[in-house]
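The lines below spell out each chain.
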Amino acid sequence: MGSSGGVDLEDIPSVDLMTELLGRMKCATKPDKRLILIGPPGSGKGTQSPIIKDEYCLCHLATGDMLRAAVAAKNPLGLKAKEAMDKGELVSDDLVVGIIDEAMKKPSCQKGFILDGFPRTVVQAQKLDEMLAKQGTKIDKVLNFAIDDAILEERITGRWIHPTSGRTYHSKFAPPKVRGTDDVTFECLESESHRHPRSQRP
Ligand SMILES: Nc1ncnc2c1ncn2[C@@H]1O[C@H](COP(=O)(O)OP(=O)(O)O)[C@@H](O)[C@H]1O
C-alpha cells in the first residue's frame, strides 16, 4: 500500500504514526522561522539547537555534522570534503552551498531551519541570500552565543565528541555512560581539545 521513501507505512506501528501525525498537527500552527546560530565551539549551540528545533518544528542544518557524516559514509561528497577537513581547512564554498541547498528542500525543513556553522565565508552568505531570495524568504533572526573566554576554555578542555554523529559529552558536565565511549554506537570519542589546538581556540 502506501509507501514513503521505500518504507511501507503498513509496517509502521500505529502508535508511531499517530505520534508523528500529532506532532505534525502541532507544527502546522507554528510560524515559519529561519535562524542562524553563531558561536564558538562550547558556546552552547549544540545544546540549544535541538530545543529550538523541537519547539518550532525546524530542521537543524549543521554543516560540520553533515560533512563528518558524509566523510564517514565515504560518499562522493565526503571524499571531496575529507582532504580539507583533515587539514583543518574550510571545505569549498560550492560544496557546502550545495549541501545546504539540497538539505533545505527536505520536508523536515518546511517550517524553516536552524543554520549552524553556515555561512562561514562572505561568498556563502551571498549564496544564502540568493537561495532565500529565490524562495521569496529571508533570515528571521541571527542568534549570537556570546560567551566569556574563561568559561569556553573550561568547557572545551573537558569536551569529547563522537565524530560521526556530532554527539558531544563533557567529562564533568555531561559524561558518557562509559568513559571515552559514545552512548549510542559504543565507538571511541575524540577529545575536543585535540580537535581545537590551544592556538586556534577562541
Ligand atoms: N560552512 C562551512 N564552510 C566550509 N567548511 C565547513 C563549513 N562548515 C563546516 N566545515 C568544515 O567542517 C569542519 C568541521 O566543522 P564544525 O564542526 O562546524 O567546526 P569545528 O570542528 O571547527 O568546530 C570544519 O573544520 C570545516 O573543514
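Each remark here, short or long, concerns the structure printed above.
Residues numbered from 1 in each chain as written. Predicted model: local features only at pLDDT ≥ 70, side-chain atom pairs only at ≥ 80, totals over all residues. Heavy atoms only, no water.

A.B. asks: Which parts of the structure should I look at to understand helix H3 (residues 63–73)?
C.D. replies: Because each turn of an α-helix spans 3.6 residues, side chains separated by three or four positions in sequence point in the same direction. Turning to H3, its buried residues are Thr63, Leu67, Arg68 and Ala70. Mapping the buried residues of H3 onto a view down its axis gives an arc of 160°, with all of them on the same face. Lys74 sits one or two residues past H3 and shows a positive phi near 55°. (Buried < 20%, exposed > 50% of the residue type's maximum accessible area, 1.4 Å probe, protein only. Helix = DSSP H or I, 4+ residues; strand = E, 2+ residues; numbered from the N terminus. Arc of directions from axis to C-beta.)

A.B. asks: Honestly, the site of the ligand in this entry has me stumped. Any pointers?
C.D. replies: Surveying the vicinity of the ligand reveals 16 residues, the closest of which are Thr63, Glu89, Val91, Gly117 and Gln124. One of the backbone N or O atoms of Glu89 is found 2.6 Å from an oxygen atom in the ligand. Here a nitrogen atom of the ligand and a side-chain polar atom of Gln124 are 2.8 Å apart. Taking 530 Å² as the accessible area of the ligand by itself, protein coverage stands at 84%. (Near = heavy atom within 4 Å. Polar contact = N/O pair within 3.5 Å; in protein donor to acceptor, adjacent residues only side chain to side chain. Areas by Shrake-Rupley, 256 points an atom, 1.4 Å probe, with all protein chains shown as cover.)

A.B. asks: Even after reading the chapter, I still don't get the sheet that holds strand E8 (residues 168–170), so can you show me in this structure?
C.D. replies: By way of backbone hydrogen bonds, the strands of a sheet pair with one another, either parallel or antiparallel. Strand order in this open sheet of three strands is E8-E7-E9, and the pairing throughout is antiparallel. In the strand order of this sheet, the two ends are held by E8 and strand E9 (190–191), each with one partner. Examined bridge by bridge, strand E7 (residues 159–161) and E9 share two bridges and lie antiparallel to one another. Bridged to Ile161 within E9 is Glu190. (Pairing = 2+ DSSP bridges.)

A.B. asks: Mind showing me how you'd approach the pairing of strand E3 (residues 33–38) here?
C.D. replies: Successive side chains on a regular strand alternate, one facing one side of the sheet and the next facing the other. Pairing geometry for E3 and strand E5 (residues 112–116), over five bridges, is parallel. Looking across to E5, one finds that Leu35 is bridged to Ile114. As defined by bridge partners, E3 adjoins strand E6 (residues 141–144) across four bridges and the pair is classed as parallel. Within E6, the residue paired with Ile38 across the bridge is Asn144.

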